Amino acid sequence: MAELDTLRIALTPDEQRVDARLRALKEDFLQSYHGQYNMLTDSEIWQSGLYRFCHSLPKGADLHIHGLACLPVREMTDWLMSQGDMYIHTGEMPQRGSIRMMDPSAGIPEPYKRFADALMDGDITPEELQRIWSVLGAGPDQTIWEWFETIFDRHLFATNNDIVTRYYEAVFRYYVSLGIQLVEIRILPFGTPEEAAAMATAIRDAYYRVMDTEPGFCVRLLGCGLKYAWVDLGVTTAMMENAAYIHENVKDIRRGEDFLTALDLVNEEDRSHEISFYAPLLTRLVQEHPGLKLMLHCGESLHPDSRSVEEALTLSPVRLGHGFNLYQHPELLEQVRAEGICLEVCPVSNLTLGYLKDPANHPARGYRAAGIPIVLASDDPAFQEHTNLVDDFFVATAGWDLGLGDLKELAAHSIRYCSAGAATKEQLFREWQRRWDAFIRKNC
Ligand SMILES: [Zn+2]
């Protein structure tokens, strides 16, 4: 399978030594590991040399992550402990573990309790939070997607823009701590256009606070609508109009570029309208708002009749979220390759949501071999991962037989295919190259 993954990127002599070290680390890991790649609980993975290698590797950017699903459970817990006005539901499921911001002078309704107090008093334990805030908590009587969506409901804490800024500042500082240079976040712009713009401005405030100390860091937003069949088209239309309003009115002033760069539609695909249902809306918005791109979730389905990739491609997207089932459509695979459309591949998300059992069988291996550009991304790390993007690089490295040249290409692609403007992209790439060279010097 090695030929399937290795794209024969020319390596310097120092890189060749690091490549040999990477392959030895992988050999060590694969000989001793017989688990199921559960990234949330498997400390054997985190303690491995291969994982540490993936952790320190300069990975560039995370191009596919959903807002409010960004901080893994331990980082979310630490952040909530530091916030005096965050409360947790300590009663029965399904509300148990729900987080809300509250003003104590207005009275705290039972059974909510200040988060730090609930944890210190033992009303709820970190182990239980790990379960009810992640895919680990899914019961036998529900699909993984049904459980997955209840986790989002427990995290509806961003009820004003002050908390939005505080939360995203924690998210961006966490990404900086991981050495990730840019993050593209998919947001749901509810409310009036002005309310949606105020929310985007609050996220931008968090970005600028982090930029004050990390001038190279960059954030871009993708505005998403809901595509569930039971969501009224008027609701989705308003969300997409709001995204276009943000695109026009909330710019990255410091970099002189667009802040919200693209549109998308989210939700479990098999219970949603086809993309064609929204085609007139999407077509109109990109025509009316030059610069606004389409980066569409599609192909995240095992259904034999899935047509979402085909429908997405009629709208000229610049990237596809997942594109997992492209292998069912050889002619579309060729179209994606010929048009140079980048796939945002989220291996941990695909594993945890049940689209495959063994990372070695991930179809993106074949997509790379066919010449389709891909990036690795994290999707919903808060509910699925131990460490954002590190886990995705780890799973791909261990499961796909990637060498250093492949990892270098995946990282470089994350900047090449990001939605920042040309000047920022060049800056990000120069900085990534500097980090890469330092990583090689340290490890060769
Ligand atoms: Zn996604």
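Here the structure is a predicted model, which is why all the values come from computation and not from measurement.

### Considering the coordination of the zinc ion
Ideal coordination angles are 109.5 degrees for a metal with four donors arranged tetrahedrally and 90 or 180 degrees for a metal with six donors arranged octahedrally.
Part 1 of the reasoning: Each protein donor to the zinc ion is listed here as His64 (NE2), His66 (NE2), His297 (NE2) and Asp379 (OD); together their distances run 2.1 to 2.2 Å.
Part 2 of the reasoning: Of note is the zinc ion, whose 4 donor atoms meet at the metal with angles of 86 to 168° in an arrangement that counts as irregular.
Part 3 of the reasoning: Given the relative accessible area of 6%, His297 is considered buried.

### Quick word on empty space enclosed by the protein
Part 1 of the reasoning: Scanning the entire structure with this criterion turns up 1 cavity of 30 Å³ or more.
Part 2 of the reasoning: Of the volumes computed, that of the largest cavity is approximately 40 Å³.
Part 3 of the reasoning: As for the largest cavity, its lining consists of His322, Phe324, Glu344, Val345, Cys346, Asn350, His362, Ala364 and Tyr367.

### Quick look at the domain arrangement of the chain
Part 1 of the reasoning: Per the domain assignment, the segments of the chain are domain 1 (56–68 + 161–434) and domain 2 (83–151).
Part 2 of the reasoning: Summarising the inter-unit geometry, the C-alpha centres of domain 1 and domain 2 are found 28 Å apart.
Part 3 of the reasoning: Listed as interface residues are 14 residues of domain 1 and, on the opposing side, 13 residues of domain 2.
Part 4 of the reasoning: Taken together, the two surfaces of domain 1 and domain 2 that pack against each other cover about 1,100 Å², and 62% of this comes from carbon and sulfur.
Part 5 of the reasoning: When the buried area of domain 1 at its contact with domain 2 is split by residue, Arg166, Leu353 and Phe383 rank highest and sum to 49% of it.

### Let's talk about the sheet that holds strand S3 (residues 99–101)
Part 1 of the reasoning: As summarised here, the arrangement of the 3 strands in space is S3-S2-S4, forming an open sheet in which the pairing is antiparallel. Edge positions in the sheet fall to S3 and strand S4 (112–114), since each of these pairs with one other strand and no more. On average, each strand axis in the sheet is tilted by 35° relative to the strand beside it, whichever way the strands run.

### Some words on the layout of surface pockets
Part 1 of the reasoning: Considering only enclosed or pocket space, the largest pocket measures out at about 1,000 Å³ in volume.
Part 2 of the reasoning: What lines the largest pocket is a set of 40 residues, and nearest its centre among them are Gly67, Phe152, Leu156, Leu188 and Phe190.
Part 3 of the reasoning: At the level of elements, helix H8 (144–154), helix H9 (161–177), strand S5 (182–187), helix H10 (193–213) and strand S6 (218–226) are the ones that each hand at least two residues to the lining of the largest pocket.
Part 4 of the reasoning: Two domains each put at least three residues into the lining of the largest pocket: domain 1 (56–68 + 161–434) and domain 2 (83–151).

### Focus on the nonpolar core
Part 1 of the reasoning: Core analysis: the biggest nonpolar cluster contains 138 residues, and Trp133, Tyr168, Phe172 and Phe394 have the highest contact counts within it.
Part 2 of the reasoning: Broken down by element, this core gets its largest block of residues, 11 residues, from H10.
Part 3 of the reasoning: Of the residues that make up this core, three or more belong to each of domain 1 (56–68 + 161–434) and domain 2 (83–151).
Part 4 of the reasoning: Tyr168 has contacts with Gly67, Leu68, Ile185, Ile187, Ile203 and Ala206, leaving out every residue within four places of it along the chain.
Part 5 of the reasoning: If you look at the next biggest cluster of nonpolar residues, it comprises 6 residues, including Cys224, Val231, Met239 and Val266.

### Structural notes on the pairing of strand S1 (residues 61–66)
Part 1 of the reasoning: For S1, the buried fraction is high: 6 of the 6 residues fall into the buried class.
Part 2 of the reasoning: Pairing analysis gives 4 bridges linking S1 to S5, with the strands arranged parallel. Bridge pairing in S5 links Ile65 to Ile185.

### Quick word on unusual backbone geometry
Excluding glycine, residues mostly have negative phi values, and the peptide bonds linking residues are mostly trans.
Part 1 of the reasoning: In this structure, the amide linkage connecting Met93 to the following residue, Pro94, adopts the cis form with an omega of 5°.
Part 2 of the reasoning: Mapped onto the elements, Pro94 comes out in the loop between strand S2 (86–89) and S3.
Part 3 of the reasoning: Geometrically, the link from Glu110 to Pro111 is a cis peptide bond, its omega value of -5° lying close to zero.
Part 4 of the reasoning: Take Pro111: it is sitting in the loop between S3 and S4.
Part 5 of the reasoning: Of note, Asn267 is a non-glycine position whose phi angle comes to about 110°, a positive value.
Part 6 of the reasoning: Its place among the elements puts Asn267 in the loop between strand S9 (260–266) and helix H12 (279–288).
Part 7 of the reasoning: Even without being glycine, Asp379 reaches a positive phi, approximately 70°.
Part 8 of the reasoning: By secondary structure assignment, the location of Asp379 is in the loop between strand S13 (374–376) and helix H17 (381–384).
Part 9 of the reasoning: With a relative accessible area of 2%, Asp379 lands in the buried category.

About the thresholds
- Residues numbered from 1 in each chain as written.
- Predicted model: local features only at pLDDT ≥ 70, side-chain atom pairs only at ≥ 80, totals over all residues.
- Heavy atoms only, no water.
- Donors = N, O, S within 2.8 Å, 3.2 Å for Na, K, Ca; no water.
- Tetrahedral: all angles 85-135°; square planar, octahedral: opposite > 155°, others 65-115°.
- Buried < 20%, exposed > 50% of the residue type's maximum accessible area, 1.4 Å probe, protein only.
- 1 Å grid on protein atoms, 1.4 Å probe; cavity = no way out; pocket = protein on both sides within 12 Å on 5 of 7 lines; lining within 4 Å.
- Points joined across faces, edges and corners; volume = space filled by probe spheres on them.
- Domains from an automatic or database assignment.
- Contact = heavy atoms within 4.5 Å.
- Buried area = accessible area lost by both parts, 1.4 Å probe.
- Pairing = 2+ DSSP bridges.
- Helix = DSSP H or I, 4+ residues; strand = E, 2+ residues; numbered from the N terminus.
- Axes fitted to C-alpha atoms, helices over the stretch in contact; angles between N-to-C directions.
- Core = buried A, V, L, I, M, F, W, Y, C linked by side-chain atoms within 4.5 Å.

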